[in-house]
Amino acid sequence: MDAPHALTGEAVLQRLGSSRHGLAESEAEARLARFGPNSLPRPRPPGAAQIFFRQFLSPLIYILLIAALVSLLLREWSDAGFIFAVLLINALIGAIQEFSAERTAAALQDLVSAQAEVLREGDAREVDAEVLVPGDIVLLEAGSKVPADVRLLQDQNLQVDESLLTGESLPVNKEASAVVAADTPLGDRVNMAYAATLAVRGRARGVVVGTALHTQVGEIASAVLEARAAKPPLLVRMERFTVRVAVLVAFAVVLMAVVAVSQGASLGEIFLLAVALAVSAIPEGLPVALTVALAIGMRRMARRNVIVRRLIAVEALGSCTYIASDKTGTLTVNELTARKLLFADGAAWEVTGERDDADGRILAPDGLAGPLGYQMVERLCQAAALANEGFLAQRAGGWVQHGDAVDVALLVAAHKFGLSRADLLVEFREIASIPYEPDQAFAASLHEHNGMPLAYVKGAVERLLPMCDRMLCDGAETALDARQVEALAAAYSAQGFRVLAIADGRMDLAPGAVFSAEHLSGLCLVGLIALIDPLRSEAKAAVRKCQSAGVSVCMITGDHPETAFSIAAELGLVEQREQVVSGPQLRRAEAEGAAAFDRVVASSKVFARVEPNQKLAVVESLARNGHFVAVTGDGANDAPALRVAHVGVAMGQKGTDVARESAEIIITDDNFSSIVNGIEEGRIAYSNVRKVIFLLISTGAAELVLFTLALFAELPLPLLPVQLLWLNLVTNGIQDVALAFEPGEGHELQRRPRPPEEPIFNRLMVERVVLSALVMGSVSFLVFQQFLSAGMEVAAARNSTLLLMVLFENLHVFNSRSEVLSIFSHNPLRNPLL
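Residues numbered from 1 in each chain as written. Predicted model: local features only at pLDDT ≥ 70, side-chain atom pairs only at ≥ 80, totals over all residues. Heavy atoms only, no water.

**Comments concerning the side chain of His 646**
Part 1: Position of His 646 relative to the elements: it lies in the loop between α22 (639-644) and β26 (647-651).
Part 2: Residue class for His 646 comes out buried when judged on its relative accessible area of 12%.
Part 3: In this structure the side chain of His 646 is engaged in a polar contact, spanning 3.0 Å, whose partner is the backbone nitrogen of Val 629. (Helix = DSSP H or I, 4+ residues; strand = E, 2+ residues; numbered from the N terminus. Buried < 20%, exposed > 50% of the residue type's maximum accessible area, 1.4 Å probe, protein only. Polar contact = N/O pair within 3.5 Å; in protein donor to acceptor, adjacent residues only side chain to side chain.)

As structure tokens, this is what we get:
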């Protein structure tokens, strides 16, 4: 069917073969068999066995398995037993950590509501939402979750919270009679209600046009299932590292075997040499040490409100070079808040604190803190609290609130000035009221005070100005200057604020007259209140920390471009409106090809009015541009991008289930600064991984140097394979695990992230490995040679050489604590286990 929002309601009914009385029960059953249940596919959580066997999916594990099998073929039972023991310990540690994280991050509820009110053969009945089919007539009311995609047929002041899909923080006024263009963005389709969104006001009746995967949220779920998740950065680097280790080991074994053959060695001696070389070169203890380092990082991050679901993703935040953040609920609090009290004389009083922080304050502008100024603010807050249908009260040490988001925000602002609606109603008895209706764009209440009827009105500026003939200015009522007020409202609207006008005035009602809009004239415009979904208090500082750490931040939202620009400018992401790219602009760039799209993405830091598939395209473009991308979000619209990013970060408190299940990392306090904590801990974890790798590879390389020199000197094997395993597993196996507990060095957020293409074995590590290996290997060879020259038996010489290598490695572990700091600059007590 064509886009239902581009058709009239009657046309949609006709094409679906339905009517305003609903489907017959038999027809509904037939359609259910045809279209299937109205439910989204739920990913089955991994079981303990699946998580356990997942620990073996690593290239390094494959090499160790091959080494163990070769040892079995050569009947080197102790060697094979050691390697299998290492793999088992590694898998157990990793599985326990990941299983714990999966349980912590388990989703708690379904996206689709369980029940729906539907018309069948003209009768209203409540049914399971799963049995809804296209053509069903559903009834919606305030507080109900929309059970499917619905083309509205009639409505009574319906408002729907669509932030889950669009990122738009304000409820959307719906208009069933409207017909909009087929290419209208999702957030502007006023004649549609979409599955999993929430009706917050009014009532409506509509026809189901899409169920299950054929809904907007279903398309998102399909994209999540089809999206190919990017590999975590550490896994990418470890795969490259493992390939290089395998090639080097194979090269060394072949070279040594050729030399041994040229020296007349027997086949058995060559096999023994090959096993010894492989054991010395392959870091058997690395999987355990790596798992322990990541497990420690996982625990440290959990203490800082960052839950990591997969062990390999622990260092992912530390490696990211770009954070693509959602706006609503991530950078902002997703709650409408009064931020400015404005008066016609230009005075702008600031309202501090979050919306939930009813103990914030109202601060006077410079020079206006006198009695007249406070009287103006009191009159404005009083009118806002009385022309109000919301509820705010303190219960059992916490604040209880309900009602329209605007009404609650006004009540909180009044409370910050010391006024409560309950107290005011004692003095100003309410006589009548005119509830807010979207088509009239105002609300009013009539009160009696000292025997005098007083009206209080709130609403859109353009709606209230015709009701007023004067305005409050410099503490006195003066003739209304409509242009001045309109200019003031326009200035704040351009900054992303939602501006409401507040008016009051004496009413002269005839006896028995019903209070109505006709009586609202000759009022005084008290002032304006500017509301916004504000930044989280920590967001600005957190973004600055990201930038100082070399991590770029962009904002991707379904919200209006003006609102997005206002928030981004406050964050310091942009300076000019031209730097904001909208969804239609992205669509045009995408039509020109990938290169044009990548240029637009690379030059922008704010993307507004974007749809879920466009957010996904932006993330893929950033990856093509060479970034390790972290995506943050809380809505279903964020899920595809969370899935395809190198690391997906979902909000734990207000995030949706589909977002949490698509992410590898969950922020339990929905605090953007916790992401910065995750970056720091991720960098510490990666640094510790590098320290462990340096320790193991340098000591393994030292053993290779020892064997190489002994082979060319035609000496016996300096160490037997079982001695090498003992050295690598028991000595290094204790040291490297202790090294994994190394705390941060304190400068993790003062340096830039490592380039995505940089391997673990970068130039610095290569230089340090070569130097360390040459010193330890050469000295050990000279000592072994000297022991044999002095007439010591080979077994005793091997034992003494083994002891020397143990002592070398005990000293070398302290040299591995930092890549840039001297061994003497570390306090040994900072890592008691080591």
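Alright, that's what it looks like, and here's the rest.
**Comments concerning the pairing of strand β20 (residues 498-506)**
Part 1: Here β20 lies mainly inside the structure; seven of its nine residues are buried.
Part 2: In this sheet, β20 lies alongside strand β17 (residues 452-459) in antiparallel orientation, the contact comprising six bridges. Its bridge partner being in β20, Val 457 is matched across the sheet by Ala 503.
Part 3: Where β20 meets strand β21 (residues 523-532), seven bridges bridge the pair, whose relative direction is antiparallel. Bridging from a neighbouring strand, Asp 504 pairs with Cys 524 of β21. (Pairing = 2+ DSSP bridges.)

**A word on the packing of helix α19 (residues 583-591) against helix α20 (residues 594-602)**
Part 1: For the pair α19 and α20, the least separation of the axes is 6 Å and the interaxial angle reads 145°. Contacts between α19 and α20 involve Leu 586, Ala 589 and Glu 590 from the first element and Ala 596, Phe 597 and Val 600 from the second.
Part 2: Within the contact of α19 with α20, the residues separate by chemical class into five nonpolar, no polar and one charged. (Axes fitted to C-alpha atoms, helices over the stretch in contact; angles between N-to-C directions. Contact = heavy atoms within 4.5 Å. Nonpolar A, V, L, I, M, F, W, Y, C, P; charged D, E, K, R; others polar.)

**Some remarks on the sheet that holds strand β22 (residues 552-556)**
Part 1: Sheet architecture is open: eight strands sit in the order β8-β27-β26-β25-β9-β22-β24-β23, paired in mixed fashion. The open sheet has two free edges, formed respectively by β8 (306-308) and β23 (580-582), since each of these has just one partner strand. Across the sheet, the mean angle from the axis of one strand to that of its neighbour is 20°, orientation sign disregarded.
Part 2: Alignment of β26 against strand β27 (residues 665-667), held across three bridges, turns out to be parallel. In the sheet register, Ala 650 faces β27, and the bridge partner there is Ile 666.
Part 3: Set on the sheet, helix α24 (residues 672-712) makes contact with β8, β9 (322-326), β25 (629-633), β26 and β27; between it and β9 the angle comes to about 160°.

**Digging into the nonpolar core**
Part 1: Residues Leu 317, Ile 323, Leu 520 and Leu 528 are the most contacted members of the largest nonpolar core, which totals 114 residues.
Part 2: Examining the composition of this core, we find that 16 residues originate from one element, α24, more than from any other.
Part 3: In contact with Ile 323, other than residues within four places in its own chain, are Cys 546, Val 551, Ser 552, Val 553, Cys 554, Ala 630, Thr 632, Ile 675 and Ile 679.
Part 4: Membership of the second largest hydrophobic core comes to 38 residues, among which are Ala 338, Ala 384, Leu 392 and Val 526. (Core = buried A, V, L, I, M, F, W, Y, C linked by side-chain atoms within 4.5 Å.)

**Concerning the pattern of salt bridges**
Part 1: In this structure the tally under the stated criterion is 26 salt bridges.
Part 2: For Glu 10, the salt bridge is made with Arg 20, and the minimal N-O distance between the two is 2.8 Å. Of the two residues, Glu 10 is situated in helix α1 (residues 9-16) and Arg 20 in the loop between α1 and α2 (25-35); the sequence distance between them amounts to ten residues.
Part 3: Classification of Glu 10 as partly exposed rests on a relative accessible area of 45%.
Part 4: Using a relative accessible area of 30% as the deciding quantity, one classes Arg 20 as partly exposed.
Part 5: Glu 141 serves as the salt-bridge partner of Arg 203, at 3.0 Å between the closest nitrogen and oxygen. With Arg 203 in strand β7 (residues 198-210) and Glu 141 in strand β3 (residues 137-141), this residue pair connects regions lying 62 residues apart in the sequence.
Part 6: Look at Glu 141 and you get partly exposed, because its relative accessible area is 35%.
Part 7: Among the charged side chains, a salt-bridge network with shared partners connects Arg 379, Asp 469, Arg 470, Glu 477 and Asp 504. (Salt bridge = Lys/Arg side-chain N within 4 Å of Asp/Glu carboxyl O.)

**Some thoughts on empty space enclosed by the protein**
Part 1: All chains considered together, the criterion is met by eight cavities of 30 Å³ or more.
Part 2: Each pocket or cavity is described by its volume, and for the largest cavity that value is around 70 Å³.
Part 3: Along the walls of the largest cavity sit Leu 165, Thr 166, Pro 185, Leu 186, Gly 187, Gly 558, Arg 609, Val 610, Glu 611 and Pro 612, which together make up its complete lining.
Part 4: Looking at side-chain class alone, the lining of the largest cavity contains five nonpolar, three polar and two charged residues. (1 Å grid on protein atoms, 1.4 Å probe; cavity = no way out; pocket = protein on both sides within 12 Å on 5 of 7 lines; lining within 4 Å. Points joined across faces, edges and corners; volume = space filled by probe spheres on them.)

**Re unusual backbone geometry**
Glycine aside, residues mostly have negative phi, and peptide bonds are mostly found in the trans state.
Part 1: Residues other than glycine seldom take positive phi values, yet Glu 121 does so here, at roughly 55°.
Part 2: Structurally, Glu 121 can be placed in the loop between β1 (115-120) and β2 (123-128).

**Examining helix α18 (residues 561-571)**
Part 1: Within α18 the residues assigned to the buried category are Thr 563, Ala 564, Phe 565, Ser 566, Ile 567, Ala 568 and Leu 571.
Part 2: Close packing links the buried residues of α18 with β21, α17 (539-548), β22, β23 and β24 (606-608).
Part 3: Positive backbone phi, approximately 85°, marks Gly 572, located one or two places after α18.

**Looking at the packing of aromatic side chains**
Two aromatic rings are characterised by how far apart their centres lie and by the angle between their planes.
Part 1: The tally for this structure, following the rule as stated, stands at five aromatic pairs.
Part 2: With a centroid separation of 5.3 Å and an interplanar angle of 75°, the aromatic rings of Phe 52 and Phe 53 are classed as edge-to-face.
Part 3: Since its relative accessible area comes to 55%, Phe 53 is described here as exposed.
Part 4: Pairing Trp 349 with Tyr 374 gives two aromatic rings, centres 5.2 Å apart and planes at 75°, and the pair type is edge-to-face. Of the two residues, Trp 349 sits in strand β11 (residues 348-351) while Tyr 374 sits in helix α12 (residues 371-386), which places them 25 residues apart along the sequence. (Phe/Tyr/Trp six-rings, centres within 6.5 Å; stacked < 30°, edge-to-face > 60°.)

**Comments concerning the side chain of His 5**
Part 1: Within the secondary structure, His 5 is located in the segment before α1.
Part 2: A polar contact of 3.0 Å, which involves the side chain of His 5, links it to the backbone oxygen of Ala 182.

**Comments concerning the environment of Phe 428**
Part 1: If you trace the backbone, Phe 428 turns up in the loop between α14 (421-427) and β15 (429-437).
Part 2: Distance in space between the C-alpha atoms of Phe 428 and Gly 451 is 9.8 Å, their sequence separation being 23 residues.
Part 3: Leaving out residues up to four positions away in the same chain, Phe 428 has contacts with Gln 382, Leu 386, His 447, Glu 448, His 449, Leu 454 and Tyr 456.

**Let's talk about a nonpolar patch on the surface**
Part 1: Where nonpolar side chains cluster on the molecular surface, the patch consists of Leu 69, Leu 72, Trp 77 and Phe 84 and spans about 390 Å² of accessible area.
Part 2: Put simply, the parts of the chain that give the nonpolar patch at least two residues each are α4 (59-73) and α5 (77-104).
Part 3: Turning to its location among the elements, Trp 77 is positioned in helix α5. (Patch = residues over 30% accessible without salt bridge, like charges linked within 9 Å, V, L, I, M, F, W, Y side chains within 5 Å. Areas by Shrake-Rupley, 256 points an atom, 1.4 Å probe, with all protein chains shown as cover.)

**Observations concerning the confidence of the model for the protein chain**
Part 1: Looking at the protein chain, the pLDDT average stands at 84 and 89% of residues meet or exceed 70.
Part 2: Considering each helix and strand of the protein chain separately, the mean pLDDT is smallest for helix α9 (residues 267-281), with a value of 67, and largest for strand β6 (residues 192-193), with 95.
Part 3: Long-range and interchain partners of residues 104-113, a stretch whose pLDDT sits below 50, account for 26 contacts in this model, where long-range means more than four residues apart. (pLDDT = per-residue confidence, 0-100.)

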